[in-house]
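Structural description and commentary
Take a look at the letters that make up each chain.
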Amino acid sequence: MTITEIAPRNINISQAVAEGLRLEMEADEKVLVIGEDVATQGGVFGSTRGLLKAFGPQRVLDTPISEMAFTGMAVGLAMDGYRPVIEIMFVDFIGVCLEQVYNAIAKIPYMSGGRVDMPVVIKTAGGNIGSAAQHSQTLWGLFAHLPGLRVVAPSNPYDSKGMMAAAVRSNDPVVFIEHKGLLLKRASDFTFGASVPKEAYDVPLGSAAIVRPGSDLTIATLSGSVRHAVAAAEVAAGQGIDVEVIDLRSIVPLDWNTVCESVGRTRSLLVVDEDYLGFGLSGELITGVIERLGMGAMDYVGRHGNPGVPVPAALSLEQAIVPDAESILAAIMRAGAAR
Amino acid sequence: MVNASWSDRYRLMVLMRRFEEACLTGVASKAVHGELHTAIGQEAIAVALSEHIRADDSLTSTHRSHLHAIAKGIPLRPLLAEIFEKKTGMCGGFGGHMHLFDRERRFSTTGIVGASLPVALGHAYASKLRGSDAVAFAVVGDGSVNSGGFHETMNMASVLGLGLVVIIENNEWAISVPFSAASATATLAERAVAYAVPGERVDGLDVQATSDAIGRAVAHARTDGPAIVEAMCYRFRGHYEGDLDLYRDQGEKSLRTETKDPLVLARAFLSDGILDPVLLDELEQSASAEIDELLASVLLDEQPDPASARDHVFTSGLAPFEGIPS
């Protein structure tokens, strides 16, 4: 065995995403990448780097700051048989083009009576990175509320590449939310999903993963919070609470089988969600488990996330709002005390 | 199609008027249970459009789209059936009169004012990727040009050199707000300068003049880049059926609908030595009979099965709430 065979590639998540895109663009000439700074710059986080050189300026298109125009452009292109990947640089910017996302991309398959599909990927970066209220949201709950959109948010390098491949191949529109706090992290920073094969592969959309098995409490979480939850679970184990951490990976659809199977064993569910708590993923997940397992299935239910507050600027304030390993550990201890 | 005969032209204008009138009967009979927007009074523009649009060109339209669909060659029966909420409609009754889609004919509409323009941009870019001279038409109203999507689309189409023809039907009213109170520029054609593209205003009641203007815009778009045609017209009905239309001066409205009806103007022009009035009568009767027969047929169709109401949300068949009582 040579050294190159045993050493995993230490690429970062942006590189994994770009590699997933490159392989799909090689396989299907109908795949396009369109957005601000995606071509020459290769994306502000580098997640489209190398695509311009590989595929040229027609398939990898730098646009003006005109999200409404280029998001709607994806609609016309999809009607004409293309598979556009549009990049909304920060998910917070969706406000200026949500019209084309929720009234056109999400609804046209339905409004056309199934006659027109919309194989569009809305690739965007969410999550906290110290950039305060207008550049730190996750918003997956917002997209998930609207019918017609698959919504996914990977937590590690392996999934980032494979889920992007699956998103591009999907005939349903997919909102692909990267986490800004993860994009520049390297494979060596991860204890799960760290090995990224060079060849093409996909990770089916809609399946959750048990990242850390446990028997006392189920944590359901996703995206940037997964590694924090795993770190907190390791500490909690030393204090007698054996936590199972589920990486949901997909918000629409939710993998009810994996969540319900786990909760059926632990009888305790803690949802950790970087998104706003109100009217979102945490409430949906808890309700869905009750609908499936019944009112008596759980001895503990809790949620930990942003309590409906714009993400503040100062680090001291931010830490009071955004879940991290320390706050998740505290939530685990509350759950343990409540059981 | 550029050299359309006057008899074909006139018959199509009448057919479009009768089609919209057939839709009005659906509101009265409650066969159409939602809102309805007709383009009565704007037929000359749609006929002019039909003379230049090719099968491989795309067309995106608005909430007031029936005549544009006819101009694009959408078969009348599935079109009327969709407006009448029938299973036999072009979208199976899932879309309704504001949401019409025909992928093969590169035709779509949206109920959101201004939102059709970015979609047209996508069609225009697809033509560029294919190396085709097929043009993307976007027909919009004077209300939409004040939305951000108009500006973004015109700028991007121009900077990318795309074959986009924007036809603005300026009917002078954005629901209750008059054009004079909504536009900083005296005309919309002059806004073309801001995007370094040609733009012209034309009398949209005059089918020949409108056809000539669209012809010039299309010729430019097939080879050089986007163009704007602002066609002046007047909305004969309220914004939607049921609109009390109290914001418009009723005297002016009566005068304009009576003396500036494009069908009346066309008939007067043709009667003056171009076509025999007897032939004009026959064309009118023929168009009316076609629509009468169509309407009678569509009314016999069924509405879609309520058991299908959850179908088609996802192309893949994904049903997130399957099995959950709701």
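Bear in mind that the values here come from a model prediction, so they are computed numbers and not experimental data. (Residues numbered from 1 in each chain as written. Chains lettered and ligands numbered in written order. Predicted model: local features only at pLDDT ≥ 70, side-chain atom pairs only at ≥ 80, totals over all residues. Heavy atoms only, no water.)

So, on to the overall build of chain B. From N to C terminus, chain B includes 11 helices and nine strands. For a compact globule of 326 residues, the expected C-alpha radius of gyration is about 20 Å, and chain B comes in at 20 Å, within 12% of that figure. Considered along the principal axes of its C-alpha atoms, chain B spans approximately 65 × 50 × 40 Å. Scored against the burial criterion, the 326 residues of chain B give a buried share of 55%. (Helix = DSSP H or I, 4+ residues; strand = E, 2+ residues; numbered from the N terminus. Rg over C-alpha atoms; globule rule 2.2 N^0.38 Å. Buried < 20%, exposed > 50% of the residue type's maximum accessible area, 1.4 Å probe, protein only.)

Helix and strand counts for chain A stand at 13 helices and 12 strands. Against the 2.2 N^0.38 benchmark of 20 Å for 339 residues, chain A shows a C-alpha radius of gyration of 20 Å, consistent with a compact globule. Counting only C-alpha atoms, chain A reaches 60 × 55 × 40 Å along its principal axes. Total accessible area on chain A stands at roughly 12,200 Å², and carbon and sulfur atoms take up 55% of it. Each charge sign in chain A was given a centre, from 26 positive and 37 negative side chains, and these centres are 3 Å apart. (Areas by Shrake-Rupley, 256 points an atom, 1.4 Å probe, with all protein chains shown as cover. Lys, Arg positive; Asp, Glu negative; His and termini not counted. Charge placed at Lys NZ, Arg CZ, Asp CG, Glu CD.)

So, on to the domain arrangement of chain A. All names here are of chain A. Per the domain assignment, the segments making up chain A are domain 1 (3-189) and domain 2 (209-338). In this structure, domain 1 and domain 2 have C-alpha centres spaced 26 Å apart. At the junction of the two partners, domain 1 supplies 26 residues and domain 2 supplies 22 residues. Buried surface at the junction of domain 1 and domain 2, both sides included, amounts to about 1,900 Å², of which 55% is carbon and sulfur. (Domains from an automatic or database assignment. Contact = heavy atoms within 4.5 Å. Buried area = accessible area lost by both parts, 1.4 Å probe.)

Enumeration according to the criterion identifies nine aromatic pairs over all chains in this entry. Plain terms: the ring middles of W6 of chain B and F269 of chain B are 5.2 Å apart, the flat faces sit at 55° to each other, and that makes the pair tilted. Pair noted here: W6 of chain B is in helix α1 (residues 6-29) and F269 of chain B is in helix α10 (residues 262-271), with a separation of 263 residues, a long-range link. Each ring, one from F150 of chain B and one from Y195 of chain B, has its centre 6.2 Å from the other, and the planes form 80°; the classification is edge-to-face. You can see F150 of chain B sitting in helix α6 (residues 148-160) and its partner Y195 of chain B sitting in the loop between α7 (179-182) and β8 (199-203), a full 45 residues away along the chain. The exposure classification of F150 of chain B matches that of Y195 of chain B, with both residues buried. Ring pairs connect the aromatic residues F45, F90 and F93 of chain A, which therefore count as one cluster. Residue placement shows K30 of chain A over the ring face of Y82 of chain A; its charged tip is 4.5 Å from the ring centre. (Phe/Tyr/Trp six-rings, centres within 6.5 Å; stacked < 30°, edge-to-face > 60°. Lys NZ or Arg CZ within 6 Å of the ring centre and 35° of its normal.)

Let's shift gears to helix α10 (residues 256-266) of chain A. When we look at burial in α10 of chain A, the residues that qualify are W256, T258, V259, C260, S262, V263 and T266 of chain A. Positive phi shows up at R267 of chain A, right after α10 of chain A, with a value of about 55°.

Turning our attention to the nonpolar core. The biggest cluster of nonpolar side chains holds 153 residues, and the ones touching the most others in it are F143 of chain A together with F19 and F137 of chain B. Counting residues domain by domain, this core receives three or more from each of domain 1 (3-189) and domain 2 (209-338) of chain A. With 54 residues, the next largest nonpolar core counts I13, A39, M164 and A233 of chain A among its residues. (Core = buried A, V, L, I, M, F, W, Y, C linked by side-chain atoms within 4.5 Å.)

Moving on: the interface of chain A and chain B. Taken residue by residue, the interface counts 46 residues in chain A and 40 residues in chain B. Approximately 3,700 Å² of surface area, both sides summed, lies buried where chain A meets chain B, with 63% of it carried by carbon and sulfur atoms. It is D80, Y110 and M111 of chain A in chain A that bury the most area against chain B; as a group they hold 18% of the surface buried on that side. On inspection of chain A and its partner chain B, the count reaches two salt bridges. The partner of D117 of chain A in a salt bridge is R103 of chain B, and the shortest N-O contact between them spans 2.7 Å. (Salt bridge = Lys/Arg side-chain N within 4 Å of Asp/Glu carboxyl O.)

Next up on the list: the packing of α1 of chain B against helix α2 (residues 43-50) of chain B. All names here are of chain B. It is at 9 Å that the axes of α1 and α2 come closest, and there the two elements cross at 130°. Judged by the inter-axis angle, α1 sits oblique to α2. Helix-helix and strand crossings are classified by hand; for α1 and α2 the assignment is right-handed. Residue-level contacts link R9, L12, M13, M16 and R17 of α1 to E43, A44, A46, V47 and S50 of α2. A breakdown of the residues in the contact of α1 with α2 according to their chemical character gives six nonpolar, one polar and three charged. (Axes fitted to C-alpha atoms, helices over the stretch in contact; angles between N-to-C directions. Parallel < 35°, antiparallel > 145°, perpendicular 65-115°, else oblique. Left-handed = near helix turned anticlockwise from the far one by under 90°. Nonpolar A, V, L, I, M, F, W, Y, C, P; charged D, E, K, R; others polar.)

In this section: the sheet that holds strand β4 (residues 121-126) of chain A. The strands making up a sheet associate through backbone hydrogen bonding, with each pair oriented either parallel or antiparallel. Residue and element names in this part refer to chain A. Ordered in space as β2-β1-β3-β4-β6-β5-β10, the seven strands form an open sheet in which the pairing is mixed. Taken across any chain shown, the strands that pair with only one partner, and hence form the sheet edges, are β2 (60-62) and β10 (250-252). With strand direction ignored, the average angle separating the axes of adjacent strands in the sheet is 20°. (Pairing = 2+ DSSP bridges.)

So, on to the confidence of the model for chain A. When pLDDT drops low, the exact placement of atoms in the prediction is not to be read closely. Averaged over all residues, the pLDDT of chain A is 96; the fraction at 70 or higher stands at 98%. Here residues 1-5 of chain A is modelled with pLDDT under 50, and outside its nearest four sequence neighbours on either side it reaches one contact, counting other chains as well. (pLDDT = per-residue confidence, 0-100.)

Here the focus is the sheet that holds strand β12 (residues 300-306) of chain A. Residues and elements named next belong to chain A. Strand order in the open sheet formed by five strands is β7-β9-β8-β11-β12, with mixed pairing between adjacent strands. The open sheet is flanked by β7 (209-212) and β12, the only strands paired with a single partner. Averaged over all pairs of adjacent strands, the angle between their axes in this sheet comes to 25°, without regard to strand direction. Pairing of strand β8 (residues 217-221) with strand β11 (residues 268-276), which is carried by three bridges, proceeds in the parallel orientation. Directly across from A220, in β11, lies its bridge partner V271. Most of the contacts of α10 go to strand β9 (residues 243-247), to which it runs at about 170°, and overall it touches β7, β8, β9 and β11.

Residue and element names in this part refer to chain B. Structurally, L24 is set in helix α1. It is 8.0 Å that separates the C-alpha atoms of L24 and L36, two residues lying 12 residues apart in sequence. Among all residues touching L24, those that are not within four sequence positions of it are L36, T38, I40, R237 and E241.

Moving on, we come to the pattern of salt bridges. Residues and elements named next belong to chain B. Scanning the model with the defined rule gives 35 salt bridges over all chains in all. In this structure, R201 and E230 form a salt bridge, with 3.0 Å as the shortest nitrogen-oxygen distance. One end of the pair, R201, is in strand β8; the other, E230, is in strand β9 (residues 227-232), and 29 residues separate them in sequence. The exposure class assigned to R201 is partly exposed, which follows from its relative accessible area of 36%.

On to the environment of F94 of chain B, then. By secondary structure assignment, the location of F94 of chain B is in the loop between α4 (76-83) and β2 (101-102). Judged by its relative accessible area of 16%, F94 of chain B falls in the buried class. Sequence spacing of F94 of chain B and R105 of chain B is 11 residues, and the spatial spacing of their C-alpha atoms is 19 Å. Ignoring sequence-local partners within four residues, the contact set of F94 of chain B consists of Y110, M111 and G113 of chain A together with E82, S308, A309, D311 and H312 of chain B.

With that settled, the discussion passes to the side chain of D159 of chain A. Residue and element names in this part refer to chain A. Here D159 is to be found in helix α8 (residues 157-169). Here the side chain of D159 touches R249 through a polar contact of 3.1 Å, side chain to side chain. Residues in contact with D159, not counting those within four places in the same chain, are P154, M164, V203, D247 and R249. (Polar contact = N/O pair within 3.5 Å; in protein donor to acceptor, adjacent residues only side chain to side chain.)

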